[in-house]
Amino acid sequence: METSLYPQLKRYGMLCVGLVIMSFGIACSIKAELGTSPVSSLPFVLSQFTPLSVGVASILVNSTLILLQILLLRRQYDPIQLIQLPVALAFGFLTDFSVWVLQ
């Protein structure tokens, strides 16, 4: 099955836009002291009690969840799902960047 390059690039572009919007939303809620979303609550708490930033804590939490997913699914785990790791890294760095921009 042959796929066109344009729809794939469009999907990845939308993913990047979504990550930027989500990271700025998390940074805004943290800076305004409104609380955090469920996806960032554990990394935010970790950043309060450790020297880790919110983004680095987010990378660690998401990587741990990916590892747990691999352990639970074992042979049913599809290796293509490892694409989650670069997305988790990008999301963590974007979160730190967003917090820095909103200082």
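Residues numbered from 1 in each chain as written. Predicted model: local features only at pLDDT ≥ 70, side-chain atom pairs only at ≥ 80, totals over all residues. Heavy atoms only, no water.

Visitor: Give me the lowdown on unusual backbone geometry, citing residues and values where you can.
Guide: The phi angle at glutamate 33 is positive, at roughly 55°, despite the residue not being glycine. Assignment of secondary structure puts glutamate 33 in the loop between helix 1 (5-31) and helix 2 (38-49). A relative accessible area of 71% places glutamate 33 in the exposed class. Here the phi dihedral of arginine 74 falls at roughly 45°; this positive angle occurs in a residue that is not glycine. Tracing the chain through its elements places arginine 74 in the loop between helix 3 (54-73) and helix 4 (84-101). (Helix = DSSP H or I, 4+ residues; strand = E, 2+ residues; numbered from the N terminus. Buried < 20%, exposed > 50% of the residue type's maximum accessible area, 1.4 Å probe, protein only.)

Visitor: Please set out the packing of aromatic side chains residue by residue, giving values where relevant.
Guide: Any pair of aromatic rings gets described here by the distance separating the centres and the angle formed by the planes. Counted according to the given criterion, the structure contains one aromatic pair. Geometrically, the ring pair formed by phenylalanine 97 and tryptophan 100 is tilted, given 5.9 Å between the ring centres and 35° between the ring planes. Here the residue phenylalanine 97 and the residue tryptophan 100 both occupy positions in helix 4, the gap between them amounting to three residues, near one helical turn. Classification of phenylalanine 97 as partly exposed rests on a relative accessible area of 42%. (Phe/Tyr/Trp six-rings, centres within 6.5 Å; stacked < 30°, edge-to-face > 60°.)

Visitor: Please set out the nonpolar core residue by residue, giving values where relevant.
Guide: Leu19, Ile26, Ile30, Val54 and Phe91 form the largest nonpolar core, which has five residues in total. Here this core takes three residues from helix 1, the largest share from any one element. Once residues within four sequence positions are removed from consideration, isoleucine 30 is found in contact with Gly35, Thr36, Phe44 and Val54. (Core = buried A, V, L, I, M, F, W, Y, C linked by side-chain atoms within 4.5 Å. Contact = heavy atoms within 4.5 Å.)

Visitor: Please provide a residue-by-residue account of a nonpolar patch on the surface, values included.
Guide: A cluster of nonpolar side chains, Tyr12, Leu15, Ile80 and Ile83, forms an exposed patch at the surface whose accessible area comes to about 380 Å². Relative to the helices and strands, isoleucine 83 is located in the loop between helix 3 and helix 4. (Patch = residues over 30% accessible without salt bridge, like charges linked within 9 Å, V, L, I, M, F, W, Y side chains within 5 Å. Areas by Shrake-Rupley, 256 points an atom, 1.4 Å probe, with all protein chains shown as cover. Salt bridge = Lys/Arg side-chain N within 4 Å of Asp/Glu carboxyl O.)

Visitor: Kindly report on helix 3, identifying the contributing residues and their values.
Guide: Under the 1.5 Å per step criterion, the end-to-end length of helix 3 is 28 Å for 20 residues, consistent within 8% with the ideal 28 Å. Trailing helix 3 by a residue or two, arginine 74 shows a phi angle of about 45°, which is positive. (Expected span 1.5 Å × (residues − 1).)

Visitor: Could you give me a rundown of the environment of alanine 88, with the residues and numbers involved?
Guide: For alanine 88, the location among the structural elements is in helix 4. Look at alanine 88 and you get buried, because its relative accessible area is 5%. Filtering out sequence-adjacent residues up to four positions away, alanine 88 remains in contact with Ile59 and Asn62.

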